[in-house]
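Below, each chain spelled out in residue letters.
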Amino acid sequence: MISANDLSPAELAALLHFHADAGVEWLLEEEAVDRFAEFEAMKAARRAAAPQQNTQPQNRATAAQRPAPAATSAPAARPQPAIPDGEAVQQARFAAESARSLAELKTALEAFNGCNLKHSARSTIFATGDAASGIMVIGSAPSAEDDREGQPFAGRPGALLDKMLAAIGLDRSGILLTQVIPWRPPGNRVPSPAEMDICRPFIERQIALAEPKAILLFGNFAARVFFGETDTIHGLRGQWKEIGAGGLTIPAIATLHPQDLLTAPVNKRLAWNDLLAFQQKLHDLDLITK
């Protein structure tokens, strides 16, 4: 296997573009995961949950001599069937549109069980910070650190995000910070189109209720969702576009996700240019002073 240290900058950039086109947004987990141990633990849990059978010693009684099963014994519980994607989207729209505040929307999202991603995630990630700021920052999907800590942009990517925001005079407590997807996809995989369709009403309702004046998108997936394009983040970043939500039209710009910058620090100069453009827009809208 060729080490990244043996690649030229042009070769490394081409490799990163290849992975981005393939839908890869995170290369490695921050912590090693023993999938074999997880599988064995899953099997052990299933065995423990299964009805105990054949625990009584065998005897030679005939079928006629054996006691009949109790008539009142209840059948074993069966798992609930999955909600069809189309029905889940309708339920998500109804739950989102019924919310009249971000607090109500958070309650509705936490009670919603129509997306399979929720069943494998530890936390439901919702917007944090100041909705009245007029400034909204949206990431792609929760990472393992986000899922553990229950907030967007945790761990090392979150620490880098804090530095990026501070460089243009912002702080996470003074803006509204959220994710496109509220639940971490297993293994940090890219959410499926069906999963995105189910989650879309909730993120669009967050935008409609917050009424931001400008939006900063982080990552390949977030940019594709809102811009409706299939290019990589390198082709989508640094361009002001208008996105719609709840009857609003809001200017938005995309840049590289902090995790991308941790993986390829050479791209920090690109992200810095995008941050400066975002800062200028906020200044023009009188949302910040330089």
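Structure's up top.
The text that follows walks through the structure, step by step, so that each part is easy to find.

Rules behind the numbers
- Residues numbered from 1 in each chain as written.
- Predicted model: local features only at pLDDT ≥ 70, side-chain atom pairs only at ≥ 80, totals over all residues.
- Heavy atoms only, no water.
- Pairing = 2+ DSSP bridges.
- Helix = DSSP H or I, 4+ residues; strand = E, 2+ residues; numbered from the N terminus.
- Contact = heavy atoms within 4.5 Å.
- Axes fitted to C-alpha atoms, helices over the stretch in contact; angles between N-to-C directions.
- Parallel < 35°, antiparallel > 145°, perpendicular 65-115°, else oblique.
- Nonpolar A, V, L, I, M, F, W, Y, C, P; charged D, E, K, R; others polar.
- Buried < 20%, exposed > 50% of the residue type's maximum accessible area, 1.4 Å probe, protein only.
- Lys, Arg positive; Asp, Glu negative; His and termini not counted.
- Salt bridge = Lys/Arg side-chain N within 4 Å of Asp/Glu carboxyl O.

1. Comments concerning the sheet that holds strand β3 (residues 176-179)
Right, so step 1: Taken in spatial order, the 6 strands make up an open sheet running β1-β3-β2-β4-β6-β5, and their pairing is mixed. For this open sheet the edge positions go to β1 (128-129) and β5 (241-245), each flanked by a neighbour on one side alone.
Right, so step 2: Sheet strands in contact with helix α9 (residues 220-227) are β2 (135-139), β4 (214-218), β5 and β6 (248-255), and its direction is about 135 degrees off that of β4.

2. What to know about the packing of helix α4 (residues 102-111) against helix α8 (residues 193-210)
Right, so step 1: Following both chains from N to C, one finds α4 and α8 inclined at 170 degrees, their axes separated by 10 Å at the closest point. Between α4 and α8, the angle is such that the two are roughly antiparallel. When α4 is examined against α8, the residues L102, L105 and L109 are found in contact with a partner set consisting of F202, R205, Q206 and L209.
Right, so step 2: For the contact of α4 with α8, the residue count by class is 5 nonpolar, 1 polar and 1 charged.

3. Side note on the side chain of R205
Right, so step 1: Counting through the fold element by element, R205 comes out in helix α8.
Right, so step 2: No salt bridge is formed by the buried R205. Its closest oppositely charged neighbour is E104, at 7.4 Å.
Right, so step 3: Apart from the residues lying within four places of it in its own chain, the contact partners of R205 are A96, E97, A99, R100 and L105.

4. A closer look at unusual backbone geometry
Right, so step 1: Residue E211 is not a glycine yet carries a positive backbone phi of 50 degrees.
Right, so step 2: Mapped onto the elements of the fold, E211 is located in the loop between α8 and β4.
Right, so step 3: The phi torsion at D286 lies on the positive side, around 60 degrees, for a residue other than glycine.
Right, so step 4: Classification of D286 as exposed rests on a relative accessible area of 69%.

5. Section: the packing of helix α3 (residues 85-98) against α8
Right, so step 1: The geometry of α3 relative to α8 is characterised by a closest axis approach of 9 Å and an angle of 5 degrees between their N-to-C directions. By the angle between their axes, α3 is roughly parallel relative to α8. Contacts from D85, A88, V89, A92, R93, A95, A96 and E97 of α3 reach α8 at A194, D197, I198, P201, F202 and R205.
Right, so step 2: Tallied by class, the residues present in the contact of α3 with α8 amount to 9 nonpolar, no polar and 5 charged.

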